[in-house]
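Chain by chain, the residues run as shown.
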Amino acid sequence: MEKTKMRKAYSSLYKNELRLQVKPIYWWFGVLAVLIFISLMIYPVVDSIMGSLTAEERAELESMGAVFDYSSVTAYFLTECVQTHIVGGMLFACCFASLALARDFKRGTYELLYTNALSRRQVLLTKFSALVSAILMLNVFLLFVELVGMCIIDFKGIDIVAILSFALFGIIVQLIVASIVFGIIICKPQKLGLGVAIGLPLVLYFVSAIAASVASSAKWVENLSPLTIFNGMKVGAPFDINYLVLGIFALLAVIVIVLGFRRNQKIDY
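Cut-offs applied
- Residues numbered from 1 in each chain as written.
- Predicted model: local features only at pLDDT ≥ 70, side-chain atom pairs only at ≥ 80, totals over all residues.
- Heavy atoms only, no water.
- Helix = DSSP H or I, 4+ residues; strand = E, 2+ residues; numbered from the N terminus.
- Buried < 20%, exposed > 50% of the residue type's maximum accessible area, 1.4 Å probe, protein only.
- Contact = heavy atoms within 4.5 Å.
- Areas by Shrake-Rupley, 256 points an atom, 1.4 Å probe, with all protein chains shown as cover.
- Patch = residues over 30% accessible without salt bridge, like charges linked within 9 Å, V, L, I, M, F, W, Y side chains within 5 Å.
- Salt bridge = Lys/Arg side-chain N within 4 Å of Asp/Glu carboxyl O.
- Axes fitted to C-alpha atoms, helices over the stretch in contact; angles between N-to-C directions.
- Parallel < 35°, antiparallel > 145°, perpendicular 65-115°, else oblique.
- Left-handed = near helix turned anticlockwise from the far one by under 90°.
- Nonpolar A, V, L, I, M, F, W, Y, C, P; charged D, E, K, R; others polar.
- Phe/Tyr/Trp six-rings, centres within 6.5 Å; stacked < 30°, edge-to-face > 60°.
- Core = buried A, V, L, I, M, F, W, Y, C linked by side-chain atoms within 4.5 Å.
- Expected span 1.5 Å × (residues − 1).
- Arc of directions from axis to C-beta.

Draft legend 1. A look at the overall build of the chain. In terms of regular secondary structure, the chain is built from nine helices and zero strands. The secondary structure elements of the chain, listed N-terminal to C-terminal, are α-α-α-α-α-α-α-α-α. Within the chain, the fraction of its 269 residues that count as buried is 44%. Of all intrachain contacts in the chain linking residues separated by at least 6 positions in sequence, the fraction that spans at least 24 positions is 75%. Taken as a whole, the chain presents about 14,100 Å² of accessible surface, with 67% of it coming from carbon and sulfur.

Draft legend 2. Up close: a nonpolar patch on the surface. Taken together, the side chains of M41, F144, V148 and I152 make up a nonpolar region of the molecular surface, amounting to roughly 370 Å² of accessible area. Top contributing element to the nonpolar patch by residue count: helix α6 (residues 120-154), with three residues. Tracing the backbone through its elements, the reader meets M41 in helix α2 (residues 22-41). What makes M41 partly exposed here is its relative accessible area of 30%.

Draft legend 3. Fine view of the packing of α2 against α6. One can describe the packing of α2 onto α6 by two numbers: an axis separation of 9 Å at closest approach and a directional angle of 25°. When the interaxial angle is binned, α2 and α6 end up roughly parallel. Note on packing geometry: the crossing formed by α2 with α6 is right-handed. When α2 is examined against α6, the residues F29, L32, A33, I36, F37, L40 and M41 are found in contact with a partner set consisting of A134, M137, L138, F141, L142, V145, E146, G149, M150, I152 and I153. Here the residues of the contact of α2 with α6 are counted per class, giving 16 nonpolar, one polar and one charged.

Draft legend 4. Inspection of the packing of α6 against helix α7 (residues 160-185) at higher detail. Close contact between α6 and α7 brings their axes to 10 Å; oriented N to C, the two are set at 155°. Taken together, the axis directions place α6 and α7 in an arrangement best described as roughly antiparallel. Our pair here, α6 against α7, has a crossing hand that is right-handed. Of α7, the residues touching α6 (which contributes L124, K127, F128, L131, V132, I135, L136, N139, L143, E146, L147 and M150) are I160, I163, L164, F166, A167, I171, Q174, L175, A178, S179 and F182. By residue class, the composition of the contact of α6 with α7 is 18 nonpolar, three polar and two charged.

Draft legend 5. Examining the environment of Y243 more closely. In this structure, Y243 sits in helix α9 (residues 243-266). Spatially, the C-alpha atoms of Y243 and P226 are 9.4 Å apart, while their sequence positions differ by 17 residues.

Draft legend 6. The packing of aromatic side chains, seen in detail. Within this structure, the stated rule accounts for 10 aromatic pairs. Through pairs of rings, three or more aromatic residues link up here, namely W28, F29, F92, F96 and F141.

Draft legend 7. Region of interest: the nonpolar core. Core analysis: the largest hydrophobic core is formed by 62 residues, its most contacted members being F77, F96, L131, V173, F182 and F230. Breaking this core down by element, the ones donating at least two residues are α2, α3 (43-51), α5 (73-107), α6, α7, α8 (194-213) and α9. The element best represented in this core is α5, accounting for 15 residues. Excluding anything up to four places from it in sequence, V173 contacts M90, P226, L227, I229, F230 and L246.

Draft legend 8. Fine view of α2. Between its first and last C-alpha, α2 extends 28 Å over 20 residues, near the 28 Å set by a 1.5 Å rise per residue. Where α2 is concerned, the buried positions are I25, F29, L32, A33, I36 and L40. The arc that holds every buried residue of α2, seen down its axis, measures 105°, which confines them to one face. Among the exposed residues of α2, those oriented more than 90 degrees off its buried face are K23, Y26 and W27.

Draft legend 9. Looking closely at the environment of L143. For L143, the location among the structural elements is in helix α6. What makes L143 buried here is its relative accessible area of 15%. Spatially, the C-alpha atom of L143 lies 9.2 Å from that of A33, the residues being 110 residues apart in sequence. Leave out the neighbours within four places in its chain, and L143 touches H85, I163, L164 and A167.

So, in structure tokens, the structure goes:
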């Protein structure tokens, strides 16, 4: 009887967490899908422009740090559209995480969460489960939009292995960063919020951009952001994945989550 009550309470809170953020979810899904779809649709124009460049002009662009590979629609996607997907997905995930408790404190409904059969830890786990589900839904939806766009442009140019590999590592990175934000915010849910949610993804993005531009002279910069794993994406070749960096940030996410849960148990609301 007690287990049945707990399952019902968990299910109710989980569905309510997603329902309360349904409008932001629609907005994020729609905006990112439109941006990525438009970027894909201009591929023929961009490819035509790049194809008209002389060898000297291309060499000059490459000497300035420009990176481009438009040999196929998949290569173009991995060059131009990946950052929109990853950074946009991270911002969505982190904003979702920031609202996990901040919304309840703002509305004065936080105490009501513990009038059901769930403990404080179970409530946090339920909210984290909703966060993971939202990240998975976003990435599946964006992957569908991307595949449709690429099929419209050039079906034969699709490298499904490269695209699915990108999608997998994209989900992993978004989960890692969102977990870190979630763990930080539950330590002080009344004070921490969108500042952390927006700031951390942007900092990691700029670090990865710097790492890409100074890769030859300061390779150690790659170790400061999990986003640097996408700097080595190429069609027809395995990802140049720095598993050490990915593992370090995954371990950091676990540590922050555990410490956040322990800290949250001691807070007197």
